[in-house]
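Each chain, written out:
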Amino acid sequence: WAFAQDPLAWKQSQALRAGERRGAGWHWGGRSGIAKKGMPRRRPPAVLVAVLAVVAVAAAYNLEQLEDGCCSVAEIDQAVPALRAASARLVSATFFRIFHVDLFKPCPHWPDDTICMRPDCAVCQCEDHEVPALWRARDDIDLSACEPNPLDDIDLSLDQPGAARFATHDRAAWAVYDSPQSMAYVDLGKNPERFTGYNGGSSARVWSAIYDENCFVYAKGCNGGKCSQETCRAERVLFRLISGLHTSISVHLCAEYPLQTATGPALGGPAAPASSAEQWGPNLPLFQDKVGRHPDRMQNLYFALALITRAVSKAAPALQPDVYSYVTGDAQEDARTKEALGELLDLPVIAGPTCQAHQLFQEDQLFADQATVGPEKLEEFRLVLRNISSIMDCVGCEKCRLWGKLQFLGVGTALKILFNVEGPAELQLQRNEVVALLNLLAKLSRSVAFVQEHAEARLAPSA
């Protein structure tokens, strides 16, 4: 679903076709919106293309600092192997593997008219015995005590026919939360994020709403994966964070692609060894097409990882096992969870000075220029993120909706932490927020690791 063509890319493709019809070649710089007319349609020498690609990647990934960050990509690369291993171990624990979510909430922005019926789109919910009894008992108590909260509705409707309003029970939240009465438990390990075949108009409408109705409107100086230096820094950060998450989702769909189905080779996928069992693996040509040939998208992926890692670092005092409860009722499992969490929180990239004694992301500078930004910009920033999180209820693929809701909740939780004015000691996080935040960290670190492992794909000239 991350591969849906956004409106800007569609306009570029139309212009490209028009240019070809006129006999003039066009060269597009990814999603940057930059075009050069009059170039010959003759393919340049492959050696020249490869050399230029190496030079461009070296400049973008090793020498330059991350835009709006204080680290170079090389510094993040050094931290990723340990970060990936520790986060992967942590999210395999029961506490972080079981996610509470409502996958049947109606879309608040347009009619729910497209549902993916492919088997790979379906989500398998937990049976009662798979959920810790302690949690189920606590849920029963919470539900019996629930009463409607008479807060005013917040109008976050999109500029779409049939758009609706929705209510919130937390005015300080950076994401829209599900109602406990309609939530179910899902084992993330049994419902991995991977390619489902969900694409086309439905997924395109979701990403169009995210970018055109939010990012491209809010960050007016941003086109494709790049923003002009004149764009307000807060607006660039918003756009680059969403673009980085989008890139990470694309990487995961390329990394977990159907190579072999029960009936034969997967249509459109790379060749796989003959077998009667389903096989999943990386689709490197697709990775190169969607991510590898777009340095701006990979830069934004690294930026998103830096921001989320900084949020975990800032929240570390509140996440310590002696402060936050990670109890599932299984003593051995709880001990393993605390050990894995301690390993993650003790990593130098989280616990120690990083990036030459600077923070990975300096959130205190984001809204520091009040004369230019104004105090209302932070609130606008928050409402846009809330709106985007609500768009996840419009995704027509259950599995895509699951992972979209979890990861955007993780983004909202990270921003809640970064802009919490009361300090770590007063930080209050729900279990779902902690689960979403650390699963998002694992997802982003795995995406960056995949980029590292398959660097040859991003260096290879396009066919």
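Residues numbered from 1 in each chain as written. Predicted model: local features only at pLDDT ≥ 70, side-chain atom pairs only at ≥ 80, totals over all residues. Heavy atoms only, no water.

**Q** What is the right way to read the overall build of the chain from this model?
**A** Looking only at helices and strands, one finds 16 helices and 9 strands in the chain. Counting over 463 residues, the chain shows a buried share of 53%. Restricting to contacts in the chain with at least 6 residues of sequence separation, those with at least 24 account for 76%. Accessible surface, the chain as shown: approximately 20,800 Å² in total, 55% of it carbon and sulfur. (Helix = DSSP H or I, 4+ residues; strand = E, 2+ residues; numbered from the N terminus. Buried < 20%, exposed > 50% of the residue type's maximum accessible area, 1.4 Å probe, protein only. Contact = heavy atoms within 4.5 Å. Areas by Shrake-Rupley, 256 points an atom, 1.4 Å probe, with all protein chains shown as cover.)

**Q** In this structure, what is going on with helix α13 (residues 376-391)? I would like to understand it.
**A** Because the α-helix completes a turn every 3.6 residues, residues three or four places apart line up on one side. In a regular helix each residue adds 1.5 Å, so 16 residues correspond to 22 Å; α13 covers 23 Å between its end C-alpha atoms and thus fits that length. When α13 is considered as a whole, its buried residues turn out to be K377, F381, R382, V384, L385, R386, N387, I388, S389, S390 and I391. (Expected span 1.5 Å × (residues − 1).)

**Q** Looking at this structure, I do not really get the nonpolar core. What am I missing?
**A** If you look at soluble globular proteins, the nonpolar side chains tend to sit buried side by side. Counting residues in hydrophobic clusters, the biggest one holds 114 residues, and the most contacted among them are W1 and L415. Per element, the largest residue contribution to this core is 15 residues, and it comes from helix α9 (residues 295-319). Leaving out residues up to four positions away in the same chain, W1 has contacts with Y198, S203, V206, W207, I249, L253, M392, V395, C400 and G404. (Core = buried A, V, L, I, M, F, W, Y, C linked by side-chain atoms within 4.5 Å.)

**Q** Would you mind showing me how to read the packing of aromatic side chains here?
**A** Remark: the centre distance and the inter-plane angle together describe each pair of aromatic rings, the angle taken between the planes. The final tally for this structure, using the stated rule, is 13 aromatic pairs. With a centroid separation of 5.9 Å and an interplanar angle of 85°, the aromatic rings of F95 and W135 are classed as edge-to-face. Here F95 is found in helix α4 (residues 94-97), whereas its partner W135 is found in helix α5 (residues 133-144), with 40 residues between them in sequence. Pairing Y211 with F239 gives two aromatic rings, centres 6.0 Å apart and planes at 55°, and the pair type is tilted. In this pair, Y211 sits in helix α6 (residues 201-218) while F239 sits in helix α7 (residues 233-255), placing the two residues 28 residues apart along the sequence. Its guanidinium or amino end placed over the ring of F95, R431 lies 5.4 Å from that ring's centre, counting from NZ or CZ. Over the aromatic face of W403 sits the side chain of K443, whose NZ or CZ is 4.1 Å from the ring centroid. (Phe/Tyr/Trp six-rings, centres within 6.5 Å; stacked < 30°, edge-to-face > 60°. Lys NZ or Arg CZ within 6 Å of the ring centre and 35° of its normal.)

**Q** Where do I start with the environment of Y257 in this structure?
**A** Turning to its location among the elements, Y257 is positioned in strand β7 (residues 257-261). On the basis of relative accessible area, Y257 is assigned to the buried category, the value being 8%. Residues Y257 and T196, spaced 61 residues apart in sequence, show a C-alpha to C-alpha distance of 8.3 Å.

**Q** Explain the pairing of strand β3 (residues 98-101) here, please?
**A** Looking down a regular strand, the side chains alternate between one sheet face and the other. Both faces of β3 are covered, namely the face carrying I98 and H100 and the face carrying F99 and V101. Here β3 runs beside strand β4 (residues 184-187); their pairing, made up of 4 bridges, is antiparallel. The residue bridging I98 from the neighbouring strand is D187, located in β4. (Pairing = 2+ DSSP bridges.)

**Q** What is the right way to read the environment of R240 from this model?
**A** With respect to the secondary-structure elements, R240 resides in helix α7. Residue R240 is classed as buried on the basis of its relative accessible area, which comes to 3%. Along the chain, R240 and E67 lie 173 residues apart, while their C-alpha atoms are 9.4 Å from each other. Within the structure, the side chain of R240 is placed 2.9 Å from the side chain of N300, a separation counted as a polar contact. (Polar contact = N/O pair within 3.5 Å; in protein donor to acceptor, adjacent residues only side chain to side chain.)

**Q** Would you mind going over the state of the cysteines with me for this structure?
**A** Every disulfide links exactly two cysteines, by a covalent bond between their sulfur atoms. Within this structure, the stated rule accounts for 2 disulfides. Two residues share a disulfide in this structure: C107 and C394, whose sulfurs sit 1.9 Å from each other. Between C107 and C394, the S-S dihedral sits near 75°, and the bridge is therefore right-handed. Here C107, found in the loop between β3 and α5, pairs with C394, found in the loop between α13 and α14 (398-418); they are 287 residues apart in sequence, far enough to count as distant. An identical accessibility class is assigned to C107 and C394; each is buried. (Disulfide = S-S within 2.5 Å.)

**Q** I'm lost on the pattern of salt bridges in this one. Help?
**A** Should their charged atoms come close, side chains of opposite charge can pair. A full pass over the atoms with the stated rule returns 16 salt bridges. A salt bridge links E453 to R84, with the nearest nitrogen and oxygen atoms 2.8 Å apart. Residue E453 is located in helix α15 (residues 431-453), and its partner R84 is located in helix α3 (residues 73-91); the two are separated by 369 residues in the primary sequence. Its salt-bridge partner being D393, residue K105 comes within 3.8 Å of it at the nearest N-O pair. Taken together, the residues span a long stretch of sequence, with K105 in the loop between β3 and α5 and D393 in the loop between α13 and α14 at a distance of 288 residues. By relative accessible area, which is 18% here, K105 ends up buried. (Salt bridge = Lys/Arg side-chain N within 4 Å of Asp/Glu carboxyl O.)

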